[in-house]
Amino acid sequence: KETIYILAIESSCDDTSAAVLQNKKVLSNITATQQIHEEYGGVVPELASRAHQQNIVPVVHQALNKANIDKKLISAIAFTRGPGLMGSLLVGTSFAKSLALGLNVPLIEVNHMQAHILAHFIEGQGDGSPEFPFLAMTISGGHTQIVLVKDYFDMEILGETLDDAVGEAFDKSAKILGLPYPGGPLIDKYAKNGNPKAFPFPKPKVEGLNFSFSGLKTSILYFIQRETAKNPDFIEENLADICASIQSTIVGILMDKLKKAVKQTGIKRIAIGGGVSANSEIRNSLKAGERKWGWKTYIPKFEYCTDNAAMIGIVGYLKYEQNAFTDQAVSAKARYVL
Ligand code: KG4
Ligand code: ZN
């Protein structure tokens, strides 16, 4: 069988990433994260687009160098067409198009949300790749979805957030506590020494498998305002308990919906992805699900959870096998359904 080399490019949000894959194996996966957004407490689209323009050439060069293959071996260029920030997507899309023209190779468009899910098919994952059908939960700063995956390119969204993404819920809660952006990992860290039952926060009532996190954020804000009015040192004195309580509420919401999805579909294979997959309580809860309810759970390596080009590359490979190429007339698509 022919060996396929895919050069992949991802630029949908604030990470510029390039990867080279040899079939399903990652030869290189280079990501430039943008520090500039830290001082604004969130991603500023215009700054993201400009940083992509600066980063894209060096990142692609590094990916090619690290893969240590001749450019002439590249079989196709895969790129993120959407969904994401328009200005950011345009940088990767135009770059991919010109490179494909220059190297005279086909172009393959990739849906970023499909890529988060298909990252599980990259070779060498600790948990292996899930068999179809399986449930995928993508949880990050930009996404919260539960998807029924029937085949590589046959997916159905069962539920998604109606407002904030779960990573935003972590980050906005952290901001209320005065923690720097992104605060999700810090909540996880402080929660380790806290009592998750110290401060009960209400879970939202949302129909079906959809999510809502904006109400939780508001109730945390009011709670903190009320308590600090009584005791200005409240946060400092109770940081671990507050973080543990917030985290267990958020993870509880995710687990409730997963249990519901399993019940509804009868499928017990669960694959997660996105930056929030790094959360230790989510990982522990999934492992507990394996013991308690016979689930089989799959968590990709962390570098394939956060936004990265390797996941774009694996989709590129799978589409290459199906001859699913994209015309040069393609343009970026900010809203791009699964
Ligand atoms: O996938 P990602 O790197 O970027 C996108 O949003 O696409 O996800 C970043 C999100 C941030 O909201 C960050 O706070 C959250 O993932 N995150 C965590 C943890 N590590 C990253 N949230 C909770 N616990 C963690 N350990
Ligand atoms: Zn993403």
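Residues numbered from 1 in each chain as written. Chains lettered and ligands numbered in written order. Predicted model: local features only at pLDDT ≥ 70, side-chain atom pairs only at ≥ 80, totals over all residues.

Under an unreviewed UniProt entry, the name given to the protein is tRNA N6-adenosine threonylcarbamoyltransferase, and the source organism is Pseudozobellia thermophila. Taken verbatim from the UniProt record of the protein, the Sequence similarities (unreviewed entry) comment is "Belongs to the KAE1 / TsaD family." (UniProt positions renumbered as here; feature names shortened; annotations may be inferred.)

Got a minute to help me understand the sheet that holds strand S6 (residues 134-139) in this structure?
One key point about sheets: their strands pair by backbone hydrogen bonds, in either a parallel or an antiparallel sense. Here five strands make up an open sheet; going across it, the order is S8-S7-S6-S9-S10 and the pairing mixed. The open sheet is flanked by strand S8 (154-160) and strand S10 (296-298), the only strands paired with a single partner. Going from strand to strand, the sheet's axes swing by 25° on average, the running direction of each strand aside. Of the pairings in the sheet, the one linking S6 to strand S7 (residues 144-151) comprises six bridges and is antiparallel in character. The residue bridging Leu 135 from the neighbouring strand is Leu 148, located in S7. Contacting S6, S7, S8 and strand S9 (269-273), helix H7 (residues 234-265) runs over the sheet at an angle of about 160° to S6. On the sheet, helix H8 (residues 280-293) packs against S9 and S10 and is oriented at approximately 155° with respect to S10. (Pairing = 2+ DSSP bridges. Helix = DSSP H or I, 4+ residues; strand = E, 2+ residues; numbered from the N terminus. Axes fitted to C-alpha atoms, helices over the stretch in contact; angles between N-to-C directions. Contact = placed C-beta atoms within 7 Å.)

How do you make sense of the UniProt feature "domain: Gcp-like" (unreviewed entry) in the protein when you look at a structure like this?
The feature "domain: Gcp-like" (unreviewed entry), as given by UniProt, occupies residues 25-313 in the numbering adopted here. A distance of 9 Å separates the end C-alpha atoms of residues 25-313, which is 46% helix and 17% strand.

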